[in-house]
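Reading the structure
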Amino acid sequence: MSSTEELLKRLGVSIDAGTLRLALTHRSYAYENGGIPTNERLEFLGDSILGFSVTDALYRDHPDLPEGDLAKRRSAVVSTRALANIGRSLGIGDYIYLGQGEKLTEGKNKASILADTMEALIGATYVSNDIETARQLVMRLIGPLLKDAAVLGAGTDWKTSIQELAASRQLGTIHYAVDGAGPDHARTFTAVLNIGGNAYGKGMGHSKKEAEQEAAADAWRVLTAAGSAGDAGGPAGSVAAK
């Protein structure tokens, strides 16, 4: 089985060879190869299909939720972070055509590149098939996240969300302790979020910003699950166990 057939098997769709290659062509590769077409137009198309499909599902499945809550859930599940995680689970990074610079900096693991490629693949599915096939792909990929949308309801900017939550509970000053490891072209960062001197969340990423967002998301889940501002031992323990 060829690599593209394996990718299509993972996605569960059929996409013609030319459209699939276009969906996997990052602009860095295109620029290094004579300015060939990139996946950005398919990304634009896929973004709209993704947004509509998720909006439609939320509207139908939650008839009692107000517009603000629906928008918050949609933002959480179509975020760069969410799409990148889906891309990583599918191994999409191994199939993306990248320029040499992006290859050296582990572009196949960058959240923005993975998320953009996922949107391009959704667009490619529509172009090669029809809107219903593309919608079904979106629901296979995003459906599990929609069930957790209430947990993800803090939205896409976890650092702002945790800052607001910590302030509302008067937990103290927020501080991110970030360490990096590995060579300069492929560093991995680990962030620990401390609030009022207690560790509440931990995250990893290929940039400081990504690691801090992951740590903030982790802390948000811990704090909302605990439901108590005074339980400093629990969050610290959960971080240490990771």
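Reference entry: report on the structure contained in this document. Since we're looking at a predicted model, the values are computed, not measured. (Residues numbered from 1 in each chain as written. Predicted model: local features only at pLDDT ≥ 70, side-chain atom pairs only at ≥ 80, totals over all residues. Heavy atoms only, no water.)

Thoughts on empty space enclosed by the protein
By the definition in use, this model includes one cavity of 30 Å³ or more. If you trace the largest cavity, you find it lined by H26, R27, N39, E40, E43 and D116. Tallied by class, residues from the lining of the largest cavity come to no nonpolar, two polar and four charged. (1 Å grid on protein atoms, 1.4 Å probe; cavity = no way out; pocket = protein on both sides within 12 Å on 5 of 7 lines; lining within 4 Å. Points joined across faces, edges and corners; volume = space filled by probe spheres on them. Nonpolar A, V, L, I, M, F, W, Y, C, P; charged D, E, K, R; others polar.)

Observations concerning the pattern of salt bridges
Taken as a whole and judged by the stated rule, the model has nine salt bridges. Across the pair E132 and R135 runs a salt bridge, and its minimum N-O distance is 2.7 Å. Residue E132 and its partner R135 are both found in helix α9 (residues 131-147); the two are separated by three residues, about one turn of the helix. Residue E132 is classed as partly exposed on the basis of its relative accessible area, which comes to 34%. In this structure, E212 and K159 form a salt bridge, with 2.6 Å as the shortest nitrogen-oxygen distance. Taken together, the residues E212 in helix α11 (residues 208-226) and K159 in helix α10 (residues 158-168) connect sequence positions 53 residues apart. Looking at K159, the relative accessible area reads 28%, which means it is partly exposed. (Salt bridge = Lys/Arg side-chain N within 4 Å of Asp/Glu carboxyl O. Helix = DSSP H or I, 4+ residues; strand = E, 2+ residues; numbered from the N terminus. Buried < 20%, exposed > 50% of the residue type's maximum accessible area, 1.4 Å probe, protein only.)

Points about the sheet that holds strand β3 (residues 198-205)
Taken in spatial order, the three strands line up as β1-β2-β3 in an open sheet, and their pairing is antiparallel. Since the sheet does not close on itself, it has two edges, and those belong to β1 (174-181) and β3, each with one partner. Mean inter-strand twist for the sheet, computed between neighbouring axes without regard to direction, equals 20 degrees. Packing against the sheet, α10 makes contact with β1 and β2 (188-195), and its axis sits at approximately 145 degrees to β1. (Pairing = 2+ DSSP bridges. Axes fitted to C-alpha atoms, helices over the stretch in contact; angles between N-to-C directions. Contact = heavy atoms within 4.5 Å.)

A closer look at the packing of helix α6 (residues 80-90) against α9
Where α6 contacts α9, the axes come no closer than 11 Å and their chain directions differ by 125 degrees. Relative to α9, α6 is oriented oblique. Seen from above, α6 lies across α9 with right-handed handedness. Residues A82, L83, I86 and L90 of α6 pack against L141, I142 and L145 of α9. A per-class count over the contact of α6 with α9 returns seven nonpolar, no polar and no charged. (Parallel < 35°, antiparallel > 145°, perpendicular 65-115°, else oblique. Left-handed = near helix turned anticlockwise from the far one by under 90°.)

Here we look at the environment of S168
Among the structural elements, S168 can be located in helix α10. A residue is classified by how much of its surface remains accessible, and S168, at 55% relative accessible area, is exposed. Among the polar contacts listed, one links the side chain of S168 to the backbone oxygen of L165, at a separation of 2.7 Å. (Polar contact = N/O pair within 3.5 Å; in protein donor to acceptor, adjacent residues only side chain to side chain.)

Details of the packing of aromatic side chains
Under the defined criterion, the tally for this structure stands at one aromatic pair. Aromatic side chains Y29 and Y97 sit 5.4 Å apart centroid to centroid with 50 degrees between the ring planes, which places their arrangement in the tilted category. Of the two residues, Y29 sits in helix α3 (residues 27-32) while Y97 sits in the loop between α6 and α7 (100-104), which places them 68 residues apart along the sequence. Looking at R21, its charged tip hangs above the ring of Y97, at a distance of 4.1 Å from the centre. Taking NZ or CZ as reference, K159 lies 5.0 Å from the ring centre of Y176, over its face. (Phe/Tyr/Trp six-rings, centres within 6.5 Å; stacked < 30°, edge-to-face > 60°. Lys NZ or Arg CZ within 6 Å of the ring centre and 35° of its normal.)

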